[in-house]
Amino acid sequence: MTPASVVAPAEDPKRLADFEARIARGETIEPKDWMPERYRRQLIRMMSQHAHSEVVGMLPEGNWITRAPSLRRKMSLMAKVQDEAGHGLYIYCGTETLGVDRHDLILQLLAGTAKYSSIFNYPTISWADMGAIGWLVDGAAIVNQTMLAKASYGPYARAMVRICKEENFHKRQGFEIMTVLSGGTPEQHAMAQDSLNRWWWPSLMMFGPHDADSPNSGELSRWGIKRKSNDELRQRFVNMTVAQAKAINLTIPDEGMRFNEATANWEFSAINWDDFWRVVKGDGPCNRERLAARRKAHDDGAWVREAAAAHAAKQTESTEAAA
Ligand code: FAQ
């Protein structure tokens, strides 16, 4: 099944075969290379959703910058949130190499017609949530993005290499927050456990629906954008995280979890997909709040965009006058 957002005209079979042969040889596709229209549209869809996620993803953590418990914590949280803005910028730039304007993509986000990751529609109600987001959300993003660093489209893959380096720092600072809280007073330990309880299932949902319910995976895999499936990456994340939780004396909130000796996988209970789709469709705990915050930021920033455009026009004028 082809998702409606990426329907495109049939391609010249010879060019398509040459393109697929390049992918099979492991070559990277660059912006000026020929590509099937559906490849281009799939990338615009996925990369713009990713860029929006980075930018909306600043909001849950931005909520805690003024309340960080020490100067050191405040500095690292500010640096992390700033990094996420940078990630949005790289990915919007990468998306523009496919012939779209980021302004139009941002308008889609503000109009509520573009998706962003479900994970950022949950509230951050305690300081421990800064730890859980770094550990679990950035941890899940690294698993997904390490795979995307090998994607067939060059600008996206290269952006992922740099982003993954920064996400590693984010994950470590989050895990360190959780380690300190878990080893602290009984109240601090309880705060860390409560945070893990609330973020665990939404983190597993970040990887997307089961493979059988993932309409985009077929094309993305065929064209080397996705090198691993949603379920494979989710399993990899679970396997890594179980040992980490144990190391800091926290319990994953899934009584049905079992280690399967034969497959060497930690098997987990069923995910609540109704909850996932409710959030994806705009009815999660914070969807409205997140979009309202982005719309306000966009409106408040209008003067900056106007000033930048006026400055650019003056620069062009003086360059032309000097020529
Ligand atoms: N949330 O056919 P599939 C981060 C949608 S960055 C919302 O399986 P696909 C860093 C999907 O778009 C996190 N929607 O889709 C950070 C599709 O709808 P469409 C973002 C979701 O593309 C950390 C429909 O469901 N990362 O965390 C979700 O093959 C801390 C059917 O799904 C990326 O975007 C979801 N979780 O696989 C920042 C990575 N899952 O478009 C701040 C790049 C699925 O047909 C703080 N993206 N949907 O209407 C990907 O790897 C893929 O796009 C997936 C989805 C795996 C997300």
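Scroll up to find the structure this text is about.
Small disclaimer: the values here were computed from a predicted structure and weren't measured.

Caption draft 1: Region of the structure containing the overall build of the protein chain. In terms of helices and strands, the protein chain carries 13 helices and two strands. Contacts in the protein chain between residues at least 24 apart in sequence constitute 78% of all its contacts with a sequence separation of at least 6. Carbon and sulfur atoms form 57% of the exposed surface of the protein chain, whose accessible area is close to 16,100 Å². For the protein chain, the distance from the average site of its 40 positive side-chain charges to the average site of its 40 negative ones is 2 Å.

Caption draft 2: Summary view of helix α6 (residues 128-148). Between its terminal C-alpha atoms α6 stretches 29 Å, which fits the 30 Å expected from 21 residues at 1.5 Å a residue. Most of α6 sits inside the fold, with 19 of its 21 residues counted as buried.

Caption draft 3: Fine view of unusual backbone geometry. We note that N249 has phi near 60°; this positive angle belongs to a residue other than glycine. Secondary-structure assignment places N249 in the loop between α10 (230-247) and β1 (258-260).

Caption draft 4: Highlighting the site of the ligand. Close contacts around the ligand come from 38 residues, with R45, Q49, K115, S214 and K226 the closest. One nitrogen or oxygen atom from the main chain of M205 is found 3.4 Å from a nitrogen atom belonging to the ligand. Side-chain polar atom of S214 to an oxygen atom of the ligand: 2.7 Å apart, as the coordinates give it. Secondary-structure elements contributing two or more residues to the shell around the ligand are α2 (37-56), α4 (71-96), α6, α7 (154-182), α9 (217-222) and α11 (273-283). Of the residues belonging to the shell around the ligand, the class tally is 16 nonpolar, 13 polar and nine charged.

Caption draft 5: Representation of the packing of aromatic side chains in the model. A full pass over the atoms with the stated rule returns 13 aromatic pairs. Judged by centre distance (5.2 Å) and plane angle (55°), the ring pair of F259 and W266 falls under tilted. Note on F259: relative accessible area 37%, which makes it partly exposed. According to the relative accessible area criterion, W266 is partly exposed, its value standing at 27%. Through pairs of rings, three or more aromatic residues link up here, namely F19, W34, Y39, Y153 and W223. Above the plane of the ring of W64 lies R67, whose end atom (NZ or CZ) is 4.0 Å from the centre.

Caption draft 6: Expanded view of the nonpolar core. In terms of nonpolar packing, the biggest core is built from 71 residues, with Y39, Y153, Y156 and W200 touching the most fellow members. In this structure Y153 touches T28, I29, E30, P31, M35, Y39, L43, M47, G94, T97 and L98, once residues within four positions along its chain are discounted.

Caption draft 7: Molecular detail of the side chain of K80. Inspection of the secondary structure assignment puts K80 in helix α4. Reaching out from K80, the side chain makes a polar contact with the side chain of E84 at a distance of 3.0 Å. Filtering out sequence-adjacent residues up to four positions away, K80 remains in contact with E61, I133, G134, D138, H170 and Q173.

Caption draft 8: Local environment of the pattern of salt bridges. Going through the model one piece at a time under the given rule, you end up with 23 salt bridges. A salt bridge links R25 to E27, with the nearest nitrogen and oxygen atoms 2.8 Å apart. Overall, the relative accessible area of 30% leaves E27 in the partly exposed class. Notably, a salt bridge pairs E84 with K80, separated by 3.0 Å at the nearest N-O pair. On the criterion of helical spacing, the pair formed by E84 and K80 is a turn pair, its members being four residues apart in helix α4. Each member of the pair, E84 as well as K80, carries the same accessibility label: buried. One network of salt bridges, in which partners are shared, links R22, R25, E27 and D33.

Criteria and thresholds
Residues numbered from 1 in each chain as written. Predicted model: local features only at pLDDT ≥ 70, side-chain atom pairs only at ≥ 80, totals over all residues. Heavy atoms only, no water. Helix = DSSP H or I, 4+ residues; strand = E, 2+ residues; numbered from the N terminus. Contact = heavy atoms within 4.5 Å. Areas by Shrake-Rupley, 256 points an atom, 1.4 Å probe, with all protein chains shown as cover. Lys, Arg positive; Asp, Glu negative; His and termini not counted. Charge placed at Lys NZ, Arg CZ, Asp CG, Glu CD. Expected span 1.5 Å × (residues − 1). Buried < 20%, exposed > 50% of the residue type's maximum accessible area, 1.4 Å probe, protein only. Near = heavy atom within 4 Å. Polar contact = N/O pair within 3.5 Å; in protein donor to acceptor, adjacent residues only side chain to side chain. Nonpolar A, V, L, I, M, F, W, Y, C, P; charged D, E, K, R; others polar. Phe/Tyr/Trp six-rings, centres within 6.5 Å; stacked < 30°, edge-to-face > 60°. Lys NZ or Arg CZ within 6 Å of the ring centre and 35° of its normal. Core = buried A, V, L, I, M, F, W, Y, C linked by side-chain atoms within 4.5 Å. Salt bridge = Lys/Arg side-chain N within 4 Å of Asp/Glu carboxyl O.

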